[in-house]
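Fold and contact review
If you want the building blocks of each chain, they are given just below.
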Amino acid sequence: MSLRRVFESQPHRRYIMFGGKGGLGKTTLSATAAFWLAGQGKRVLIFSVDPQASLSDIFQRDIFGKGPVPIVQNLWAEEVDADRRIREYQDEIRKKIRDMYGLDRVPEEIDNYIQAASAEPAMEESAIFDAVVDIIVKGDYDYYIYDLVPLGHALYYLSMAKVYDEWITKITKLREDMRQYDQMAATMRREKVLEEDQILNELIYIRDRINASSRILTDRAQTAFFFVVVPEEMIILDTKRAAELFARFDVPIAGYVVNRVLPRELIQASIPEYLRNRITMQDRYLKEITATFGSQILAYVPEMERDVTGLPMIERLAERLFGEASGPEGPEPAGGRGAP
Amino acid sequence: MTSRWGALRDLLYGMTGYEFARHAMQIRHELESVFMVVTMGDLIGVPVLPPYYSLRLLPYVVPQIETWKRHMVRRKELWEKPEYDLLEM
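Here the residue numbers are simple positions, counted from 1 along each chain's written sequence. By the order in which they are written, chains take letters starting at A while ligands take numbers starting at 1. Local features in this predicted model are restricted to residues whose pLDDT is 70 or higher, and side-chain atom pairs enter the listing and the counts only when it is 80 or higher, whereas totals over whole chains, interfaces and linings include all residues. To get the side-chain values, take all heavy atoms of the structure and skip hydrogens and water.

Quick notes on the overall build of chain B
- Only runs of H or I of at least four residues qualify as helices and only runs of E of at least two qualify as strands under DSSP, and these elements are numbered from the N terminus. Secondary structure assignment for chain B yields four helices and zero strands.
- Moving toward the C terminus, one meets the helices and strands of chain B in the order α-α-α-α.
- Think of it in three bands: residues with accessible area under 20% of the maximum for their type are buried, residues over 50% are exposed, and the middle band is partly exposed, with areas taken using a 1.4 Å probe on protein chains only. Out of the 89 residues in chain B, the part that is buried amounts to 35%.
- By definition, residues are in contact when any of their heavy atoms lie within 4.5 Å. Considering only intrachain contacts with a sequence separation of at least 6, the fraction spanning at least 24 residues in chain B is 50%.

Encoded structure:
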């Protein structure tokens, strides 16, 4: 099956992720897929939460922290500014405390806590997590393309959904238990109906959001995760390991895209030994990739003559990747496929 | 008449429900401490996993923080209670 066929035959898989080690072309493939889908008339949002995101670079526009920015018709790109999000959130909490208790300023101890909590690395992680939840639970685009940070982090985010899910479910249950004891005491004392527990309401709100995103990310019917791999030994080994880990976290792996494949026709031309060796090496690893991932390989993407930045290059790559002739047929081995 | 009934009702409550209600409130209080640790633990040095979400609950627990911290300091483990003191036995 080709990448195009995957999108066409499974239109309900609207949450798309390309994952792989750093520098393999995740952003390039994400942008290319987003561009192609937008061209098919789908409303697409491509987004990143990486503080060093490259969407601004690939689209050659500064979109960092500006919300969804229109790129071409039907295509929006967003780079989340986590730091700013945390700052605004802190102010929101402070304001809520002042309003709730009619204070002019937040008590020092509480304010220190807000500041200390925000300085922790875990705060940035959970804020980023919430930013993703925010984007995906709204559901107002046809496709969401999540430009992930490298593999280890990707897995971390995905597993976070599972861990937060358990945390929130447990404390919501605890709060409900507390409520029951309140209720019991109130009944004994023949008191009126208890007032609403606002904390429980907040917990239920948080739980529903976390549950929803956790469900989406692991739902095979809605989410497709593509691994990006290049014909190099270390990358293949790493991808195999990552695929096993991902499977353990129920990440719905949809297939593999082989990137950076040197054009085989070069071998016919007079090329330096250096390049010839690279092609022979790639041949060896391409065979290994085919043997390992077999029918799960959806595309072989050629190494372009220049880096992919700017819309004209993205368009050219989209044509190669999704055009009528695109398919998972591997490149002709250097020695010729049918060579005796 | 009403006050007599009221007194009788209070008496019955004192004989029956009072203990239950007190016990329920005690358990409720213990659960409150656990709840505060798992949501606001950072305040007493216990890291909380998603601080972003625990901060969302902070405004609601502002009045309880002082009492809770005092409770955590004075809290005695089971074996620290006088009835389990081996020397006194």
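From this point on, the discussion continues.
Quick notes on empty space enclosed by the protein
All names here are of chain A.
- Every definition here rests on a 1 Å grid over the protein atoms only: cavities are sets of points where a 1.4 Å probe fits but cannot get out, pockets are open sets enclosed by protein on both sides within 12 Å along at least five of seven lines, and lining residues have some atom within 4 Å of a point. Grid points are joined across faces, edges and corners, and a volume is the space filled by probe spheres set on the points. Considering all chains together, one arrives at two cavities of 30 Å³ or more under this definition.
- If you add up the space inside the second largest cavity, you get close to 50 Å³.
- In terms of lining, the second largest cavity is formed by Tyr15, Ile16, Met17, Phe47, Val132, Ile136, Tyr144, Tyr146 and Leu217.
- Counting only elements with at least two residues in the lining of the second largest cavity, the list comes to strand 1 (15–19), helix 6 (121–138) and strand 5 (143–147).
- Ranked by residue count, the leading element in the lining of the second largest cavity is strand 1, at three residues.

Digging into the interface of chain B and chain A
- Listed by partner, the interface residues are 37 residues for chain B and 43 residues for chain A.
- Carbon and sulfur atoms make up 74% of the area that chain B and chain A hide from each other, which totals about 4,100 Å².
- The rule for a salt bridge is simple: a side-chain nitrogen of Lys or Arg has to be within 4 Å of a carboxyl oxygen of Asp or Glu. Seen at the junction of chain B and chain A, the total is three salt bridges.
- With its nearest N and O atoms 2.2 Å apart, the salt bridge here joins lysine 69 of chain B to glutamate 109 of chain A.
- Here a polar contact is recorded for every N or O atom pair within 3.5 Å, except that within protein the pair must consist of a potential hydrogen donor and a potential acceptor, and residues adjacent in sequence are included only if both atoms are side-chain atoms. At the junction of chain B and chain A, the tally comes to eleven residue pairs in polar contact (both at pLDDT 80 or more).
- Sorting the residues of the side of chain B that touches chain A by element identifies helix 1 (2–15), helix 2 (17–40), helix 3 (51–61) and helix 4 (65–74) of chain B as the ones contributing at least two each.
- Each residue receives one of three labels: charged for Asp, Glu, Lys and Arg, nonpolar for Ala, Val, Leu, Ile, Met, Phe, Trp, Tyr, Cys and Pro, and polar for the others, Gly being one of them. Broken down by class, the residue content of the side of chain B that touches chain A amounts to 27 nonpolar, three polar and seven charged. Two parts lose some accessible area (1.4 Å probe) when they are put together, and adding that loss for both gives the buried area.

A few points about the sheet that holds strand 8 (residues 297–302) of chain A
All names here are of chain A.
- Strand pairing is assigned whenever DSSP identifies at least 2 bridges connecting the two strands. Here we have eight strands laid out as an open sheet, ordered 3-4-2-5-1-6-7-8, and mixed in their pairing. Two strands in the sheet have a free side with no partner beyond their single neighbour: strand 3 (69–72) and strand 8. Averaged over neighbouring strand pairs, the angle between their axes works out to 25° when direction is ignored.
- Sheet topology note: the strand 2 (residues 44–48)/strand 5 ladder contains four bridges and is parallel. Inter-axis angles, ranging from 0 to 180 degrees, are taken between N-to-C directions of lines fitted to C-alpha atoms, where helices are fitted over the stretch in contact.

Re the packing of helix 2 (residues 26–39) of chain A against helix 11 (residues 311–322) of chain A
All names here are of chain A.
- Closest axis-to-axis distance for the helix 2/helix 11 pair is 9 Å, and the angle between their directions is 80°. Relative to helix 11, the element helix 2 is oriented roughly perpendicular. Where helix 2 abuts helix 11, its residues Thr28, Leu29, Ala31, Thr32, Ala33, Phe35 and Trp36 lie against Leu311, Ile314, Glu315, Leu317, Ala318, Leu321 and Phe322.
- A class-by-class count of the residues in the contact of helix 2 with helix 11 yields eleven nonpolar, two polar and one charged. When describing relative orientation, an angle under 35 degrees is termed roughly parallel and one over 145 degrees roughly antiparallel, while 65 to 115 degrees is termed roughly perpendicular and anything else oblique.

Focus on the pairing of strand 5 of chain A
Residue and element names in this part refer to chain A.
- Taken across its five residues, strand 5 has five buried, putting it largely inside the fold.
- Judged by which residues are buried, strand 5 turns out to be covered on both faces: Tyr143, Ile145 and Asp147 on one side and Tyr144 and Tyr146 on the other are all buried.
- As defined by bridge partners, strand 1 adjoins strand 5 across four bridges and the pair is classed as parallel. Its bridge partner lying in strand 5, methionine 17 is registered against tyrosine 146.

Some details on a nonpolar patch on the surface
Residue and element names in this part refer to chain B.
- Together, Trp5, Leu8, Leu11, Leu12 and Met15 line one region of the surface with nonpolar side chains, adding up to about 560 Å² of accessible area.
- Looking at where tryptophan 5 falls in the secondary structure, it is placed in helix 1.
- Judged by its relative accessible area of 55%, tryptophan 5 falls in the exposed class. A patch is a set of surface residues, each over 30% in relative accessible area and not in a salt bridge, joined within 9 Å for like charges and within 5 Å for the nonpolar side chains Val, Leu, Ile, Met, Phe, Trp and Tyr. Here the open area of atoms and residues is found with the Shrake-Rupley method and a 1.4 Å probe, where only the protein chains shown may cover a residue.

Remarks on the packing of aromatic side chains
Residues and elements named next belong to chain A.
- Between rings of Phe, Tyr and Trp, where Trp is taken as its six-membered ring, a pair exists when centres lie within 6.5 Å; planes separated by under 30 degrees are stacked, by over 60 edge-to-face, and by other angles tilted. Counted according to the given criterion, the structure contains 19 aromatic pairs over all chains.
- Here the aromatic rings of phenylalanine 225 and phenylalanine 246 are separated by 4.8 Å at their centres, their planes lie at 55°, and the arrangement is tilted. Of this pair, phenylalanine 225 sits in strand 6 (residues 223–229) while phenylalanine 246 sits in helix 9 (residues 233–248), and the two are 21 residues apart along the sequence. Here phenylalanine 225 and phenylalanine 246 have matching classes, each one buried.
- A ring pair is formed by phenylalanine 227 and tyrosine 256, whose centres lie 5.4 Å apart and whose planes are at 10°; its orientation type is stacked.

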